[in-house]
Structure formats: structure tokens, C-alpha cells
Amino acid sequence: MTEKYIPSNAAWVREQVELMESSNGTEGTVLKDSGLPVILVTHRGRKTGAIRKTPLMRAVDGSSYILVASQGGAPTNPSWYYNLVTDPNVEIRDKTEVYSMKVREVADAADAAEKKRLWDIAVEAYPPYAEYQEKTTRPIPVFLAELV
Ligand code: F42
């Protein structure tokens, strides 16, 4: 992706992205305090068309990644959720590896069993997701990112 990059307006997120990218994925690959692994999702802003970079917890299903739009259990979905619904083509950095992937939302209504299966894997990878779901009435969206 070669278009303009607009960094996150949240300093802690921006700093994590900068550390992951400037070190080519050898630093900044865990969530502070938890020590749990983080991936970096590069995608496109649905309004600006600019490149956006979002760190997320690393949860895997085979060669696919499970992306959880938890935003700490906030009442609204994060912006990146709508960006990925609009344009599902992403790059995922997992430490030193970068993959071109396509995401698809696994929605409760359409595929409840698959959503539960992926949700359970995600909670095992990052247990606070369960508390985040209890904090909010919105069903926390889950995407599966697959190799293209
Ligand atoms: N967030 C999660 O939801 N799940 C996780 O597993 C997770 C893990 C994680 C690990 C490390 C870390 O540093 C952060 C982590 N986060 C996790 C936080 C995550 O990286 C995001 O910061 C958070 O989910 C909020 O996402 P957001 O897309 O709302 O980003 C905010 C901070 C932001 O920069 N918003 C911009 C803004 O200006 O408010 C919007 C950016 C944007 O995408 N704009 C769009 C555009 O067109 O460019 C338009 C947006 C629109 O729809 O209006």
C-alpha cells in the first residue's frame, strides 16, 4: 500500500505502531503490562482513503488471524471496524512477517457456531476480551483474516 499514511490520534497506539515498524517487527510486539503478542493491521480509511495502522491482539486459527473489534468494551465499534467492512483488503504484520490478507466478518446471526469457535480462541489468547463483552451490549465484532 503506497497511499498517504495517517497515524492514529491515540499516542499509545501511535507509539506502538512506530516501534513495530521502525524495528521491522522485532520490538513493540507485545501489549504493555500483559506481555501478550500483538499484530499490526494495515488497512484503508473508509472516508479519507488513507492508510491506517491498527495494533490488535494476536489470535490465530491455522494460518488465519482473528481480529476482535473490542475497543476495551466501549459502547461503539472502533473506526477500523467500519474501514474493514468497507475495504476487506489488509496487510498483517506478525513480528517480522508481513502477509496480504482479506478479512470477512463472522457475524452472530449468519454463523453463530463459527463466531463462538473463533471467539473462544480469541479469549484464550487474550482473556480480557470476555470482560469487554460483559461491559457492552453490542456484540463485539469478529473478523477472520485469510491469506489471499
Ligand atoms: N483494539 C481492539 O479493538 N482490539 C484489540 O485486540 C486491540 C489490541 C491492541 C493492542 C495494542 C494496542 O496498542 C492497541 C490495541 N487496540 C485494540 C486498540 C486499537 O489499536 C485501536 O486504537 C482501537 O480499537 C480504536 O480504533 P479506531 O480505529 O477507532 O482508532 C482510533 C484511535 C483513531 O485513530 N480514530 C481516528 C479518529 O480520528 O478518531 C479515526 C481513524 C479512521 O479510521 N478514520 C477513517 C478514515 O477514513 O480515515 C474514518 C473513520 C470514520 O468512520 O469516520
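Refer to the structure printed above.
Residues numbered from 1 in each chain as written. Predicted model: local features only at pLDDT ≥ 70, side-chain atom pairs only at ≥ 80, totals over all residues. Heavy atoms only, no water.

Participant: Explanation requested: the layout of surface pockets in the structure shown.
Facilitator: Empty space among the atoms becomes apparent when a probe as large as a water molecule is rolled across them. Of the pockets and cavities examined, the largest pocket occupies roughly 880 Å³. Every residue lining the largest pocket is counted, 33 residues in all, and those nearest its centre are Val13, Thr54, Gln71, Pro78 and Trp80. Of all the secondary structure elements, the ones that give two or more residues to the lining of the largest pocket are helix H1 (11–22), strand E1 (38–44), strand E2 (51–57), helix H2 (79–86) and helix H4 (128–135). A per-element tally of the lining of the largest pocket places E2 first, with six residues. Broken down by class, the residue content of the lining of the largest pocket amounts to 17 nonpolar, 12 polar and four charged. Here the second largest pocket defines a volume of roughly 200 Å³. Forming the boundary of the second largest pocket are Trp12, Glu15, Gln16, Leu19, Gly28, Val30, Leu31 and Lys32. Its residues placed into classes, the lining of the second largest pocket shows four nonpolar, two polar and two charged. (1 Å grid on protein atoms, 1.4 Å probe; cavity = no way out; pocket = protein on both sides within 12 Å on 5 of 7 lines; lining within 4 Å. Points joined across faces, edges and corners; volume = space filled by probe spheres on them. Helix = DSSP H or I, 4+ residues; strand = E, 2+ residues; numbered from the N terminus. Nonpolar A, V, L, I, M, F, W, Y, C, P; charged D, E, K, R; others polar.)

Participant: Would you mind showing me how to read the pattern of salt bridges here?
Facilitator: Two side chains with opposite charge may pair up if their charged atoms get near one another. Enumeration according to the criterion identifies eight salt bridges in this entry. In this structure, Arg104 and Glu146 form a salt bridge, with 3.2 Å as the shortest nitrogen-oxygen distance. Here Glu146 lies in strand E7 (residues 142–147) and Arg104 lies in strand E6 (residues 97–105), a separation of 42 residues in the sequence. A salt bridge links Glu114 to Arg117, with the shortest nitrogen-to-oxygen separation between them at 3.0 Å. Of this pair, Glu114 and Arg117 both sit in helix H3 (residues 112–125), three residues apart, roughly one helical turn. What makes Glu114 buried here is its relative accessible area of 18%. Since its relative accessible area comes to 36%, Arg117 is described here as partly exposed. A network of salt bridges, in which partner residues are shared, links Asp61, Glu114 and Arg117. (Salt bridge = Lys/Arg side-chain N within 4 Å of Asp/Glu carboxyl O. Buried < 20%, exposed > 50% of the residue type's maximum accessible area, 1.4 Å probe, protein only.)

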